[in-house]
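# An overview of the molecular structure
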Amino acid sequence: MIPLTQVQGDAARARLANWPVNISPDTAGRWRWLSTVAVEFVPEKGLLPSTRYTVSIPKGIQTVSGDKTEEDFSWTFETARPQVASTDPVENYALAGPTTLPSLTFNQDMDTGSAKAFLSLTRDRDDGSAEEIAIRSVAFGTVEVDQRTVTDRKTLVITPANPLAFSSKYTLTVAPGITGAKGTLGNGTGFTLHFSTVGTLKVEQSNFEYSRVLFRFSNPLSEDSLKNQIEISPAVAQWKETEWQLSSWQDNRELSAYPSLKPSTEYTITLKTGIKDTFGQSLREPVTYTFKTPPLDPQLLLETKGEFGIFERAKPLVYRLQTVNITKVEAELSSVSLPDFLAFRDTHQTWDTLPANLTPLQSWTYTPSTAKDTWDIHPLDMNEEAKQT
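Residues numbered from 1 in each chain as written. Predicted model: local features only at pLDDT ≥ 70, side-chain atom pairs only at ≥ 80, totals over all residues. Heavy atoms only, no water.

### Some details on the packing of aromatic side chains
In this description, a pair of aromatic rings is defined by centroid distance and the angle of the planes. Rules: Between the rings of Phe, Tyr and Trp (Trp by its six-membered ring), a pair exists once the centres lie within 6.5 Å; its type follows the angle of the planes, with under 30 degrees stacked, over 60 edge-to-face, and the other angles tilted. The numbering of helices and of strands both runs from the N terminus, where a helix is a DSSP run of H or I of at least 4 residues and a strand a run of E of at least 2. Only protein chains enter the accessibility calculation, which uses a 1.4 Å probe; a residue is then buried when its area is under 20% of its type maximum, exposed when over 50%, and partly exposed in between.
Counted by the stated rule, this structure contains 12 aromatic pairs. Pairing Phe-215 with Tyr-289 gives two aromatic rings, centres 6.0 Å apart and planes at 85°, and the pair type is edge-to-face. Pair noted here: Phe-215 is in strand E16 (residues 212-217) and Tyr-289 is in strand E21 (residues 287-292), with a separation of 74 residues, a long-range link. For the pair Phe-215 and Tyr-289, a shared accessibility class is recorded, and that class is buried. Relative to Phe-291, the ring of Tyr-289 has its centre 5.3 Å away and its plane inclined at 25°; by these criteria the two rings are stacked. With a relative accessible area of 16%, Tyr-289 lands in the buried category. These aromatic residues form a ring-pair network of at least three members: Phe-208, Phe-215, Trp-239, Trp-244, Tyr-267, Tyr-289 and Phe-291.

Shown next, in the form of structure tokens:
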């Protein structure tokens, strides 16, 4: 234990000025007391990554009682070695293509000059063997910082000598020993990334539901290729203005729209061969999808003037009754006292309940005369229907 007076102020600085502890490799920094039994080294610029450090403490350090340490002491530690933190594409990604450039992001700055010797790219052959793919170059990636594109020295972008083949499985391997830009210790475990390229462009799914037309493709689509490549029969007004959306959540493989279609009508949509994926492949032949829209849901609307219909005395008591796909309307007219009406208003449940103590006055039946999917509008004269004046 060191006296408290020796770990504060000038006494502490004097004692640490000739502090005999050594750090190898040599590292600029300062020592400071944490307590009477603990001292800490603070590097000026931090410790180097991928480096093995040795701390040596010689015997002879004096304690508060005047005793001295009798033995030398040392220990060794390592800072983080290069490790792959993330990849692009991700493991087992299946939508790569000829222009895909795989990249590896490490936990520290890397050295492109030495990295190439530790990287290999292979393609699986049909017979199960691996074909070695030449690597043209290894370069740093880029990253956006404050709306500027800057070099990302933690990311290595691998460019194959030739474009990748379609419908192929690839393996990118990092051999043990790859080193970073600083330090001498290499990666001790190695790393493997598996990914595959797309096949021919196909439509995997066609669907019409909830007024939405949806097509799911095998490969990511090029949005620029969609113009004038989707037709419908029979013709639909303003079809060319239909907004088709590619879903980024589905890797731009899901195409959908909400066109204005007539109910109970059979349509055929044709996807033409000008549609391409992001790698330039077109549909090999036109694809058609035929579906029938459902009829309109049965609906009945009673046009009231507000939540409750209010009429002026001596004016016609007429509501407009609107129906679609309803074959018969049965209605009943009842009276209710003012207290019961006001109590009903206070329940705030007026859309699906009735007031208490109703007194039936008249009931009648109305049969709409319009065709299927066509709205019928009937002026409902309460005086006439109830046979009252």
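Anyway, onward from the coordinates.
### Here's the deal with the sheet that holds strand E12 (residues 148-160)
Keep this limit in mind: Any two strands with at least two DSSP bridges between them are considered paired. Helix axes use the C-alpha atoms of the stretch in contact, all axes being lines fitted to C-alpha atoms, and the angles between their N-to-C directions lie in the range 0 to 180 degrees.
Read from one edge to the other, the open sheet built from 4 strands follows the order E6-E8-E12-E11, with strand pairing classed as antiparallel. Looking along the sheet, the strands with just one partner apiece sit at the ends: strand E6 (84-88) and strand E11 (135-145). Recorded for the sheet is a direction-independent mean angle of 35° between the axes of neighbouring strands.

### Describing the nonpolar core
For clarity, the threshold we go by: To define a nonpolar core, start from buried Ala, Val, Leu, Ile, Met, Phe, Trp, Tyr and Cys residues and group those joined through side-chain atoms within 4.5 Å.
In terms of nonpolar packing, the biggest core is built from 23 residues, with Phe-217 and Ile-269 touching the most fellow members. Put simply, the parts of the chain that give this core at least two residues each are E16, strand E17 (230-233), strand E19 (254-257), strand E20 (266-271) and E21. One finds Leu-104, Phe-106, Met-110 and Tyr-170 within the second-largest nonpolar core, a separate group that totals 20 residues.

### Section: the sheet that holds E16
Read from one edge to the other, the open sheet built from 4 strands follows the order E15-E16-E19-E18, with strand pairing classed as antiparallel. A single partner strand is all that each edge strand has here, and the edge strands are strand E15 (203-209) and strand E18 (245-246). The pairing of E15 with E16 spans 6 bridges and is classified as antiparallel. Residue Asn-207 lies in a different strand from E16, and its bridge partner there is Leu-214.

### Here's the deal with the layout of surface pockets
Which entries qualify depends on this criterion: Grid points spaced at 1 Å over the protein atoms alone were grouped into cavities, where a 1.4 Å probe fits but cannot get out, and pockets, open sets with protein on both sides within 12 Å along at least five of seven lines, with lining residues defined by an atom within 4 Å of a point. Grid points are joined across faces, edges and corners, and a volume is the space filled by probe spheres set on the points. Gly is placed with the polar residues, together with every amino acid not listed as nonpolar (Ala, Val, Leu, Ile, Met, Phe, Trp, Tyr, Cys and Pro) or charged (Asp, Glu, Lys and Arg).
In this structure, the second largest pocket encloses a volume near 510 Å³. Together, 26 residues line the second largest pocket, and Trp-19, Val-21, Trp-31, Val-39 and Ile-57 are the ones closest to its centre. When contributions to the lining of the second largest pocket are tallied by element, the ones reaching two or more residues are strand E2 (29-33), strand E3 (39-43), strand E4 (52-57) and strand E5 (73-78). Residues of the lining of the second largest pocket, tallied by class, amount to 20 nonpolar, 4 polar and 2 charged.

### A short note on the pattern of salt bridges
For side chains bearing opposite charge, pairing can occur when the charged atoms are close. What counts, and what does not: The working definition used for a salt bridge is a side-chain nitrogen of Lys or Arg within 4 Å of a carboxyl oxygen of Asp or Glu.
For the structure on display, the rule yields 9 salt bridges. Glu-303 is the partner of Arg-320 in a salt bridge, and the nearest nitrogen-oxygen pair spans 3.1 Å. Here the residue Arg-320 occupies a position in strand E23 (residues 318-324), and Glu-303 occupies one in strand E22 (residues 299-303), the gap between them amounting to 17 residues. Given a relative accessible area of 34%, Arg-320 falls into the partly exposed group. For Glu-303, a relative accessible area of 37% gives the class partly exposed. The shortest N-O distance in the salt bridge between Lys-328 and Glu-330 comes to 3.4 Å. The exposure class assigned to Lys-328 is partly exposed, which follows from its relative accessible area of 47%. Beyond isolated ion pairs, a larger network of salt bridges with shared partners links Arg-52, Glu-78 and Arg-81.

By themselves, these figures tell us nothing about what the structure is for.
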